[in-house]
Amino acid sequence: MNTYVTTPIFYVNAEPHLGHAYTTIVADAYGRYQRLKGNTVRFQTGTDEHGDKIATAAEAAGITPQAYADRVSAMFRAVCPPLQVEYDNFIRTTDAAHQRVVQAVLQKLYEQGDIVLSDYSGLYCQGCERFLTEKELQGGLCPDHLKPPVAITEQNYFFKMSRYQGWLIEHIKANPDFITPERYRNEVLSFLSEPLEDLCISRPTSRLTWGIPLPFDKNFVTYVWFDALLNYLSGLGYFPEGEMSAECSHYWPVAEHVVAKDILKPHAIYWTTMLKAMGVAPYRKLHVHGYWNVNDTKMSKSIGNVVRPMDLVEKYGSDSVRYFLLREMSFGLDSSFSLAAFEARYNSDLANDLGNLFSRTMAMVQKFAGGKVPLLVDGEGESTELDRQLIAAAHEMVQEFCRQMEEFHFHRALQAVWEVVSLSNKYIVSNAPWELAKDPAKRGRLHLVIYNLLETLRLIALPLNVVMPTTALAMQVALGISGRQNLAAHGKWGGILQEGAVISLSTPLFPRFDQADAVSPVAGQTKPQQVKAPKNAVSSSAKTDEDTLITFDEFKRIDLRVATVVAAEKVAKSDRLLKLTVEAPERRTVVAGIAEYYQPEEMVGRQVIIVANLKPTKLMGIESQGMVLAAKSGGQLFVSTVSGEVDAGSKVA
RNA sequence: GGCGAUGUAGCUCAGAUGGUUAGAGCAUACGGCUCAUAUCCGUAGUGUCCGGGGUUCAAUUCCCUGCAUCGCCA
């Protein structure tokens, strides 16, 4: 079985962000999954480089469109290795081979009458040098130039998309999995219930020259979408009017496109009708995913909350980024990204559950089995109901993982793995190997328990190869396993681990983010900066000063204020925390970790500086609505203040 | 304005062709263990299953309607 999986080619008008990373990781993980099944996979990604936005951006940057495209395309290519994205082909629409295909397809469709010259009327903005849609207008004006657009008519070439509308509707209805998840299939069908307009596929060179010239009319270049969509075929060596190349006939029939919901229409409608007109069978599946919001807000350049995947990888390691994105998002729906959510998942799922399970098991191998895969002696340590349960669950996990991966339900696939992680932790407690170790007569049982754990871990690592390649490899190496893994060959219980093989783990898989290491957050906020990088993190040595500096705008977001302490008391059952009631000028409660250095009574009446817009957090059940700044030096701690008495609530800047 | 989706525990979400005490993870509280990365295991909760009406012996689940959020289209 073959698989051809693609990401969209990314438009080079913006740097790679979290959304691009997600699409790419999804495609990569799916590709790795197919390979793990033993299938042959081709995975293509790339960049889309023509069009007026690029021409404009290049002009603003004072360079040629080609130089501009080269620069941004290189950035998209460069984020792949750190994300462990292994593509087979990185295509660019400025590649000569691609351009030839686009022209040949245009020529063919033109000759067969699917592309015709016609009038195009619309609202044109002189300032933007382009047509605006009704939607873009604000109060009838161009939002950028604040001038009313003019209604003009010009000649353009149109693709007779409407000819294939009936066929497309039938195809979608006959193939329920053609567009998934279902919500997007419904959306397309609903859109198709109205007559399609023909697609304008040209731009006059009087307005735009950065594009592929129409082969039959030098006064026009090709509309970017018509150009871009063909990458999926041109990247396989497709050429119209000829025999399909071997690559093409292997991979095109099994093509699966992964896209975000904003480009559903071009893929579901333009591309499919183009293919039909070309006489090429449609792709096999279109997988549509939702958006990543950031802190529940839409990610946008103007808000300045764009998350750069490289920043995350440097800080947390690519395995955990891949895990988070695939585990947190329910494919198809929108999801919210936040550092708090990321760290919560990292600590609970990766460090506490999986990492610690692996670590405690390996420690027991060292202490109770001489650091080797235990030798099992027949008749000793006979199996229990718990053993059978664990084995059955591990088996079921592999099956369930596959079922969910096939459906692009990555979060459920990972959930299935974590059920066994959790069961393994229970298995350890129920069997208490440290108790068995005290009784020499129970040595057989002890060894069987340890063997079962090792075998379960081996089976856990197997599916993880597709999501967290570095971690899976580290687990396999520690277990003394080498060689290419395969779901069918290695997905069954037993027979793989070499009895007596020396095994060990040198460093934890996922070091926990330890708040104690963070820069003294007096009010115990989760502030996980200064962490030892996970061992699979890419080198962060490239960090420059640039990365550690913040802009004035960023600083302005921090609301520092002078607050007057009006009451203070110790927090019950805590040595470190004081509950302060402050006026800033409104009354609020701030929990500060200063009890070892200050008595409650000496705080009352003092003025301190607080961060007033810190997200409230609960400490020992008390909600803290801010954080007191303090400095630690020579084992002493000093709370911050200002050098004279000021009104409570005064801004500090 | 048209079409559609969603609304379930503090948070993120599962769920049932309508039927006994509505689930999971995280967070919270208490207890236990010590092999382990202060990790793990156990126990404990809280829910007008968005509001209103209808069908039914029975509705959170079906129907209608309203509200809210989101998406597509115009």
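**Topic: helix 12 (residues 318-328)**
Turn by turn, an α-helix covers 3.6 residues, leaving residues three or four places apart pointing in a common direction.
Thinking step 1. In terms of burial, helix 12 is a largely internal element, ten of the eleven residues being buried.
Thinking step 2. Inspection of helix 12 places Ser318, Asp319, Ser320, Val321, Arg322, Tyr323, Phe324, Leu325, Leu326 and Arg327 among the buried residues, and these make up the whole buried set.

**Overview of the sheet that holds strand 10 (residues 213-214)**
Thinking step 1. Within the open sheet, the three strands sit side by side as 9-11-10. Their pairing is antiparallel. Looking along the sheet, the strands with just one partner apiece sit at the ends: strand 9 (202-204) and strand 10.

**As for the protein's contact with RNA strand B**
Thinking step 1. Neighbouring residues of RNA strand B: 28 residues in total, closest Asn356, Arg360, Lys367, Phe510 and Arg512.
Thinking step 2. Taking the atoms of RNA strand B that fall within 4 Å of the protein, sugar and phosphate contribute 74% of them.
Thinking step 3. A distance of 2.7 Å separates a phosphate oxygen of RNA strand B from a polar atom in the side chain of Lys367.
Thinking step 4. Within the side chain of Arg512, an N or O atom sits 2.4 Å from a phosphate oxygen of RNA strand B.
Thinking step 5. At the level of elements, helix 6 (182-192), helix 13 (339-369), helix 15 (410-431) and helix 16 (433-436) are the ones that each hand at least two residues to the surface near RNA strand B.
Thinking step 6. No other element matches the ten residues that helix 13 contributes to the surface near RNA strand B.
Thinking step 7. Here the surface near RNA strand B is composed, by residue class, of ten nonpolar, six polar and twelve charged.

**Things to note about the pairing of strand 19 (residues 607-611)**
Thinking step 1. Among the five residues that make up strand 19, five are buried, leaving the element largely enclosed by the rest of the structure.
Thinking step 2. The alternating pattern of strand 19 places Gln607, Ile609 and Val611 on one face and Val608 and Ile610 on the opposite face, and all of these are buried.
Thinking step 3. Where strand 16 (residues 560-570) lies against strand 19, five bridges are found, and the strand directions are antiparallel. Pairing of Thr564 across the sheet is with Gln607, part of strand 19.
Thinking step 4. Note: strand 19 against strand 22 (residues 627-628), two bridges, orientation antiparallel. The residue of strand 22 that forms the bridge with Val611 is Met627.

**A short note on the pairing of strand 2 (residues 40-48)**
For a regular strand, the rule is simple: side chains alternate between the two faces of the sheet.
Thinking step 1. Taken across its nine residues, strand 2 has eight buried, putting it largely inside the fold.
Thinking step 2. The parallel pair strand 1 (residues 2-11) and strand 2, bridged by helix 1 (residues 18-36), forms a crossover whose chirality is right-handed.
Thinking step 3. One ladder, built from four bridges, connects strand 2 with strand 3 (residues 89-92); its direction is parallel. In the strand pairing of strand 3, Gly46 is matched with Ile91.

**As for the packing of helix 14 (residues 385-406) against helix 17 (residues 443-467)**
Thinking step 1. Across the interface, helix 14 lies against helix 17 with an axial gap of 10 Å and an inter-helix angle of 5°. Taken together, the axis directions place helix 14 and helix 17 in an arrangement best described as roughly parallel. Contacts between helix 14 and helix 17 involve Asp387, Leu390, Ala394, Met397, Val398, Phe401 and Met405 from the first element and Arg445, Leu448, Asn452, Thr456, Leu459, Ile460, Pro463 and Val466 from the second.
Thinking step 2. Residue composition of the contact of helix 14 with helix 17, grouped by class: eleven nonpolar, two polar and two charged.

**A word on the nonpolar core**
Thinking step 1. In this structure, Trp418, Ile460 and Leu464 are the most contacted members of the largest nonpolar core, which totals 91 residues.
Thinking step 2. Top element by residues in this core is helix 17. It accounts for 14 residues.
Thinking step 3. The residues that make up this core include at least three from each of domain 1 (2-289) and domain 2 (336-490).
Thinking step 4. Here Leu464 is in contact with Leu354, Leu414, Val417, Trp418, Pro469, Ala472 and Met475, once residues within four sequence places are set aside.
Thinking step 5. Within the second largest apolar cluster, 56 residues are counted, among which are Ile201, Phe216, Leu236 and Ile263.

**A few points about the pattern of salt bridges**
Thinking step 1. All told, the structure shown has 22 salt bridges when counted by the stated rule.
Thinking step 2. Between Arg284 and Glu256 there is a salt bridge, and its shortest N-O distance comes to 3.1 Å. You can see Arg284 sitting in the loop between helix 10 (264-278) and strand 13 (285-289) and its partner Glu256 sitting in strand 12 (residues 255-260), a full 28 residues away along the chain.
Thinking step 3. Assessed through its relative accessible area of 38%, Arg284 is described here as partly exposed.

What counts and what doesn't
Residues numbered from 1 in each chain as written. Chains lettered and ligands numbered in written order. Predicted model: local features only at pLDDT ≥ 70, side-chain atom pairs only at ≥ 80, totals over all residues. Heavy atoms only, no water. Buried < 20%, exposed > 50% of the residue type's maximum accessible area, 1.4 Å probe, protein only. Helix = DSSP H or I, 4+ residues; strand = E, 2+ residues; numbered from the N terminus. Pairing = 2+ DSSP bridges. Near = heavy atom within 4 Å. Polar contact = N/O pair within 3.5 Å; in protein donor to acceptor, adjacent residues only side chain to side chain. Nonpolar A, V, L, I, M, F, W, Y, C, P; charged D, E, K, R; others polar. Right-handed = clockwise from strand over helix to strand, strands pointing away. Axes fitted to C-alpha atoms, helices over the stretch in contact; angles between N-to-C directions. Parallel < 35°, antiparallel > 145°, perpendicular 65-115°, else oblique. Contact = heavy atoms within 4.5 Å. Core = buried A, V, L, I, M, F, W, Y, C linked by side-chain atoms within 4.5 Å. Domains from an automatic or database assignment. Salt bridge = Lys/Arg side-chain N within 4 Å of Asp/Glu carboxyl O.

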